[in-house]
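Results of the structural survey
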2 protein chains.
Amino acid sequence: MINIGVDLGGTTIKMALINEEGKMIDKWVIATNTIDNGKHIASEISKSILKKIRQFGLETSSVHGVGVGAPGFINLDTGFIYQAVNIGWKDYPFKAELEQLLGLPVIVDNDANMAALGEMWLGAGQGTRNLICVTLGTGVGAGIICDGKILHGVSGMAGEIGHITVIPRDGAACNCGKTGCLETVSSATGIRRMALDALDYIDSESILRTMFETKGDITAEDVFDCAERQDPLSSTVTEKAAYYLGYALGALAVTVNPEKIVIGGGVSHAGDALVKPLKKYFRHFSLPKIADSCSIDLAKLGNDAGVFGAAWLCMQK
Amino acid sequence: MINIGVDLGGTTIKMALINEEGKMIDKWVIATNTIDNGKHIASEISKSILKKIRQFGLETSSVHGVGVGAPGFINLDTGFIYQAVNIGWKDYPFKAELEQLLGLPVIVDNDANMAALGEMWLGAGQGTRNLICVTLGTGVGAGIICDGKILHGVSGMAGEIGHITVIPRDGAACNCGKTGCLETVSSATGIRRMALDALDYIDSESILRTMFETKGDITAEDVFDCAERQDPLSSTVTEKAAYYLGYALGALAVTVNPEKIVIGGGVSHAGDALVKPLKKYFRHFSLPKIADSCSIDLAKLGNDAGVFGAAWLCMQK
């Protein structure tokens with residue numbers, strides 16, 4: 001049987017045909033059509049999938065189902081999207097509409113959760129049923145898997161770890177309306193902001209400063225590049241991002257006692273520059289017994305984690 | 001069918017016969033015999049239960065099983081106790097031994113988890129399947145229930161929220177070896193310590209000071225009493241305990257998105273003096289949507305929560 005994984009983002013929709021052994025038979029991408037508050041998205045996904053099924057000479061009876069990782073605030077039982085700001089959806093019965101269009105069972109979950117399931121099935125989380133998969137991108141999110149099951153909470157908002165307060169007083173403003181959230185310091189956006197602050201406050205010469213003066217801006221990626229080239233200012237900023245992430249993950253670990261923490265998303269490309277200090281601070285803020293039974297690794301599936309997880313979730317239903 | 005709940009503590013063992021509707025038919029207490037590293041405990045529990053079964057004219061065939069809430073570090077699958085310092089056990093196959101003595105199925109879990117299950121079944125958590133039950137006593141612990149199931153983690157240590165770091169720098173030393181743990185500020189011990197500190201640092205007259213000078217010591221209970229009588233120093237200390245608890249529970253809530261947080265243990269007797277500021281700080285450190293769908297209430301079952309939860313867990317197996 002074939003499962004179809006869909007990773008619905010604000011600019012692209014990634015899709016893949018995946019068999020039960022986890023072999024990706026094909027993957028393809030379409031643009032996210034946000035015209036008319038995203039009302040064409042379901043039919044465009046449906047058309048694209050049905051075309052692909054024909055193209056591969058498959059019967060719909062040999063397709064087990066379609067799993068979709070979606071952003072926003074979702075009712076997980078009904079696949080009803082309360083709100084997905086980037087896409088334009090509001091109070092939209094996405095699952096029901098897509099099922100009708102496709103004539104196939106559809107399952108919808110949060111994109112961070114799908115990525116976590118993907119890493120558990122075929123990536124850095126293979127072999128464990130107690131896993132936290134952290135995505136460090138523009139924001140910070142997590143899929144938390146306990147005893148093999150995604151932790152959803154009462155309204156599907158579990159894993160919003162980007163909004164753990166790590167600076168209780170005088171922290172930077174967060175999109176959520178609070179201040180001092182993890183997302184304000186350990187996301188790509190947060191790292192860029194801290195680096196710009198550091199350039200303002202610290203007068204010393206630095207390759208990061210030269211980069212900033214040449215390009216007129218810097219990215220989190222630039223900060224990591226410079227840190228790798230032993231730029232002290234960049235190392236300080238990276239260390240700070242790792243400190244706060246280690247602090248939050250320490251609290252998370254004494255709460256859910258995971259066997260593995262997987263770090264994914266764009267910021268994870270920093271690699272050792274981030275992970276080495278992260279491990280140090282994680283241990284500092286966790287209990288020894290809990291830290292001993294928890295490893296921290298980089299994600300393995302990159303942008304494919306979401307479609308793999310979505311396919312896996314289909315298979316379970 | 002009858003279920004037997006056992007709450008095994010360092011000084012007493014509480015036991016109860018409980019029917020499937022949650023009616024407590026009888027409860028009784030025996031002392032915890034810690035002589036010879038606790039090797040007589042299992043046989044004393046067994047004798048006491050079998051005697052009670054005879055006394056009520058029950059057949060063992062009408063007893064569904066025995067649930068035991070135990071302290072320490074437990075393998076939940078096998079009921080093997082790695083270590084329970086207060087009792088003296090180390091590498092002890094408690095469940096196997098008790099099953100052999102009783103001829104009845106036994107299920108063992110952490111005492112904080114049993115209390116959470118009890119509150120979910122018959123107490124302040126009735127009607128929800130997503131619940132955090134916090135025990136504020138000498139230490140701080142929690143039972144976390146997600147989708148009706150206790151969160152155990154990979155080595156049974158989930159819910160050790162007393163060791164969430166709430167003061168990252170220059171916090172007081174904790175029993176665990178770290179500093180600045182929630183337990184150092186929001187437990188009975190922590191509140192007493194903070195109050196003694198405040199008496200040292202602040203010169204003003206206070207009814208807490210008079211109490212301290214009369215008795216030569218104070219308890220957390222004294223601090224709450226004085227706070228209720230509008231003693232400013234005691235109110236400051238209570239507010240501080242509530243602040244840190246609200247901070248930690250805010251992080252917990254964005255992680256697991258609970259429907260209810262139940263506050264139990266001796267410190268919960270502070271009632272509104274604690275809960276009112278706690279609710280304020282919890283909301284401050286949580287996401288609005290998550291705080292909106294989460295209520296905070298005082299525990300209802302007091303010392304009986306553990307035996308009720310243990311009986312309930314029997315019933316599920």
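Residues numbered from 1 in each chain as written. Chains lettered and ligands numbered in written order. Predicted model: local features only at pLDDT ≥ 70, side-chain atom pairs only at ≥ 80, totals over all residues. Heavy atoms only, no water.

Per an unreviewed UniProt entry, chain A goes by Glucokinase and derives from Sporolactobacillus mangiferae. The UniProt entry for chain A carries this comment under Sequence similarities (unreviewed entry): "Belongs to the ROK (NagC/XylR) family." (UniProt positions renumbered as here; feature names shortened; annotations may be inferred.)

Side note on the pattern of salt bridges
Residue and element names in this part refer to chain A. For the structure shown, the criterion picks out 20 salt bridges over all chains. Put simply, D304 and K27 hold a salt bridge, and the shortest N to O gap is 2.9 Å. Of this pair, D304 sits in the loop between β13 (295–298) and α12 (305–316) while K27 sits in strand β3 (residues 24–31), and the two are 277 residues apart along the sequence. Judged by relative accessible area, K27 falls into the partly exposed class, the value being 47%. Note that K280 is salt-bridged to E239, the shortest N-O span being 3.0 Å. (Salt bridge = Lys/Arg side-chain N within 4 Å of Asp/Glu carboxyl O. Helix = DSSP H or I, 4+ residues; strand = E, 2+ residues; numbered from the N terminus. Buried < 20%, exposed > 50% of the residue type's maximum accessible area, 1.4 Å probe, protein only.)

Structural notes on the side chain of A:T165
Note that A:T165 resides in the loop between β11 (149–150) and α5 (183–186). Judged by relative accessible area, which is 4%, A:T165 ranks as buried. Of the polar contacts made by the side chain of A:T165, one reaches the side chain of A:K178; its length is 3.1 Å. Residue contacts for A:T165: discarding those within four places in its chain leaves A:K178, A:T179, A:G180, A:C181, A:Y247, B:Y247 and B:F285. (Polar contact = N/O pair within 3.5 Å; in protein donor to acceptor, adjacent residues only side chain to side chain. Contact = heavy atoms within 4.5 Å.)

Some points on the packing of aromatic side chains
Going through the model one piece at a time under the given rule, you end up with 20 aromatic pairs over all chains. Each ring, one from A:Y92 and one from A:F94, has its centre 6.3 Å from the other, and the planes form 35°; the classification is tilted. For A:Y92, a relative accessible area of 12% gives the class buried. Since its relative accessible area comes to 0%, A:F94 is described here as buried. Through a chain of ring-to-ring contacts, the aromatic side chains of A:Y243, A:Y244, A:Y247, A:Y281 and A:F285 assemble into a single cluster. Between B:K289 and the ring centre of A:F73, over which it is positioned, the NZ or CZ distance is 4.1 Å. (Phe/Tyr/Trp six-rings, centres within 6.5 Å; stacked < 30°, edge-to-face > 60°. Lys NZ or Arg CZ within 6 Å of the ring centre and 35° of its normal.)

Side note on the interface of chain A and chain B
Opposite the 40 residues of chain A that make contact, chain B presents 40 residues. Taking both sides of the interface into account, the surface hidden between chain A and chain B amounts to around 3200 Å²; carbon and sulfur atoms contribute 63%. Counting the surface chain A buries against chain B, the share from its top three residues, A:V154, A:T255 and A:L287, is 18%. Taken together, chain A and chain B are joined by zero salt bridges. (Buried area = accessible area lost by both parts, 1.4 Å probe.)

Quick look at the nonpolar core
Core analysis: the largest hydrophobic core is formed by 116 residues, its most contacted members being A:L249 and B:L249. What A:L249 contacts, discounting residues up to four positions off in sequence, is A:V134, A:I161, A:I261, A:I263, A:L278 and A:F282. Counting residues in hydrophobic clusters, the runner-up holds 30 residues, among them B:L8, B:I30, B:I45 and B:I53. (Core = buried A, V, L, I, M, F, W, Y, C linked by side-chain atoms within 4.5 Å.)

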